[in-house]
Structures are given as C-alpha cells and as structure tokens.
Amino acid sequence: MAGPRVSIVVPMFNEEAVLPLFIARLRPVADGLGTTYEVLAVDDGSSDGTAIGLQKARRDWPELRVVRLRANAGHQAAISAGLARARGDYVVTLDADLQDPPEVVAEMLDAALEKQVDVVYGVRGDRSTDSFFKRTTARLFYRSMGSLTDADAPRDAGDFRLMSRATVEAVNALPEYGRVLRFVVPALGFPSATVTYRRDERAAGSSKYPFAKMLRLSIDSMTAFSLAPLRFATFLGLAGGVGALLLLLYALYARAAGHVVAGWTSTVVIVAAVGAVQLLALGILGEYVGRLYAASQARPSYYVAYDSDDPA
Ligand code: UDP
Ligand code: MG
C-alpha cells in the first residue's frame, strides 16, 4: 500500500493544554491540502493528559497517528522518532504549541512542488512574540554558529520545515548522537527554498525548553559542526605559553637587576588565571570526549513504546 503524500510530524511533551486548540486548527488545514496525509504526533514521554487527549482525538480523526516514546527524549530526538516512522513523500515538522502556524504547511508544500526543491525552511520573519532573552540568545547563537562553523543554516529558521522523502532518508541514515536537525539538514545540501512566516505566541501551556535544554542544544550544535572551540583551547594554551615566556624573561631581568619583588598579588592572579584557563580548556575537551563516548555507546536516542499504526 502506498504511503500518504504528506506526513506532519509533531513532537509533544506535556502539551495537554494546547492539544485541543492545536487539533482544531491543524485539522482543517490538513484536510484542505487536497492530498492524502498523516499527522504523526510523537508523544515525547508526556506525564500529563497528552496521551489520553491523543487517543480521544484519534477516534474521529483516522489520519491522526500516535507514536509514544517510553521516556522524555527531548525535542530533537522526538522529531527524529517521527522522521524515522513517517511515510509521506513530503514530511513537515512543526511544534504543537501553534507558534508555527499550521496554515504555512500548505504554503511549504506549494513551494516545494512549484520550485521543485527538496527542503522548504520556515523562516521567522518577525520574532517580536519571543521574549527579549530568547531573541538575544538566539541571535548570539546563530551568529556564532555562522562564523565558527561551515553549517550554513538559514538564519532564524527553527525546526519548522518541509523535507522530501529523499531528504528524510538521508537524515535517517545519520545516527548521530545529539543530532541538531536545523544544522544537519542544510549540511546535506539538497536544493531548498524558504517561506517566511510570523511566529505567534504559544497558544496555551508553558515552554518546554528551559534554559538548560537551550544550552545543551547550543553546545551540541557547536561541537557537532565545529572544531573551533578546540582550536580556541589550543590558542589559549599558546597565548598562555607566550605570556609565561615573557614573564620568565622579566623574572630573570628583575633578578639580575637586583630587584627583589615580593609579588604576592601577581602570583595569586597568575595562579587563578592559569587555573581558569586550564579548566575551560579541559571542559571544552570534555565536551568532545563526551560526544565520542556517547557515539561509541551507540545507544538509540529514543525508545518507542507504541505506534498506533503497528499491528496489535
Ligand atoms: N518538546 C518535546 N520534547 C521536549 C521539549 C519540547 O517534544 O523535551 C516539544 C514541545 O511539545 C513543542 C516543541 O517541542 O511541540 C517545542 O517546544 P516549546 O514550544 O516548549 O519550545 P519553545 O518554543 O519555547 O522554544
Ligand atoms: Mg514553542
């Protein structure tokens, strides 16, 4: 049996508050695509009423498919689970909180067909609904990713995008640890287009992305796509070495000139500075070693508990 033409993959972590609103808004859009589709809700180990809400919704929406993960695996892993199981010729990933307007899915599909491209990125034209903190950290993040790495992700593109079957297969073939899709997908080099949209306010509930998760995503992106942090550590070491050499020369000179300097302050400052630099370099190294370690363990980044499409 042929798969549906379009799969809409939606990661959900404790989204019971927004679920009815989301379904009410997505369904007419999906029905209006004029083609076969599946909506693949990935329940990322929710502990609230998300699972029950999805089961209820399935009763009168046969195109709704539910994949439940056994534990909370995180946004990126939840999308990955959806990509691995989606069957559509085109796969769209979108958030459940209605920040990505479902209506844009139709635009993305049109763009893909008209322009004959494999990937259509949703680009946030207006981020005024995101908090000042989120906008500033995001700008900093994309700017440093842009200058430190070869990953040329479109600016202000998150995880709202359409991918062709070929793109999804290519993504699925990369079982990378801590895969950050917004940089992995552009790196694959498929022909692409963009659709600009206005990012709305979260419709209900609260953000499932605390600062710690944002930081994790940034570190994963950096270490996955760039050796720049490692080189920075090397540079710190070199600069420290040159500094030490100059200090040595000065110390010899001071001794020869008969200055006996009781340099308590300088000693403390040097010890503290060297210690900090060493710890920073060690931390950077640790991030890469950690990635290697996790990669060598090769554990799946999610476990599927249930797929409503699997035979019972
Ligand atoms: N999400 C998820 N697993 C997580 C965290 C988030 O599946 O561990 C989902 C969440 O339900 C939403 C999307 O990822 O559909 C984006 O999360 P959120 O809107 O909370 O992030 P923000 O927009 O605040 O960055
Ligand atoms: Mg959101």
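All values derive from a computational prediction rather than experimental measurement. (Residues numbered from 1 in each chain as written. Chains lettered and ligands numbered in written order. Predicted model: local features only at pLDDT ≥ 70, side-chain atom pairs only at ≥ 80, totals over all residues.)

A. Examining the sheet that holds strand β6 (residues 157-164) more closely. Ordered by their spatial adjacency, 8 strands build an open sheet running β7-β5-β6-β4-β1-β2-β3-β8, and the pairing between neighbours is mixed. Single-partner strands in this sheet number two, and they are β7 (192-198) and β8 (304-307). Taking the axes of each pair of neighbouring strands and ignoring which way they run, one obtains an average angle of 20° across the sheet. Along the sheet face, helix α4 (residues 103-115) touches β1 (6-12), β4 (90-93), β5 (119-126), β6 and β7 and points at about 155° away from the line of β7. (Pairing = 2+ DSSP bridges. Helix = DSSP H or I, 4+ residues; strand = E, 2+ residues; numbered from the N terminus. Axes fitted to C-alpha atoms, helices over the stretch in contact; angles between N-to-C directions. Contact = placed C-beta atoms within 7 Å.)

B. Structural context of the confidence of the model for the chain. In this model, the chain carries an average pLDDT of 90, and 98% of its residues clear a pLDDT of 70 or more. In the model output, the complex is listed with pTM 0.86 alongside ipTM 0.97. (pLDDT = per-residue confidence, 0-100.)

C. Structural context of the pairing of β4. In β4, alternate side chains face the same way, and those of Tyr90 and Val92 on one face and Val91 and Thr93 on the other are all buried. Judged from the 4 bridges that link them, β1 and β4 form a sheet pairing that is parallel. In the strand pairing of β4, Val9 is matched with Thr93. (Buried ≥ 20, exposed ≤ 12 C-beta atoms within 10 Å, placed from the backbone.)

D. Seen up close, the domain arrangement of the chain. As assigned here, the chain comprises domain 1 (6-210 + 299-307) and domain 2 (228-297). One C-alpha centre belongs to domain 1, the other to domain 2; they are set 44 Å apart. Among the residues forming the side of domain 1 that touches domain 2, the class breakdown is 2 nonpolar, 2 polar and 1 charged. (Domains from an automatic or database assignment. Nonpolar A, V, L, I, M, F, W, Y, C, P; charged D, E, K, R; others polar.)

E. View of unusual backbone geometry. Residues other than glycine seldom take positive phi values, yet Leu98 does so here, at roughly 65°. Relative to the helices and strands, Leu98 resides in the loop between β4 and α4. Classification of Leu98 by C-beta neighbours within 10 Å gives partly exposed; the count is 18.

F. Molecular detail of the environment of Pro191. Of note, Pro191 is situated in the loop between α7 (181-187) and β7. Judged by the 12 C-beta atoms lying within 10 Å of it, Pro191 falls in the exposed class. Counting along the chain gives 80 residues from Pro191 to Ala111, while the straight-line C-alpha distance between them is 12 Å. Leaving out residues up to four positions away in the same chain, Pro191 has contacts with Val117 and Asp118.

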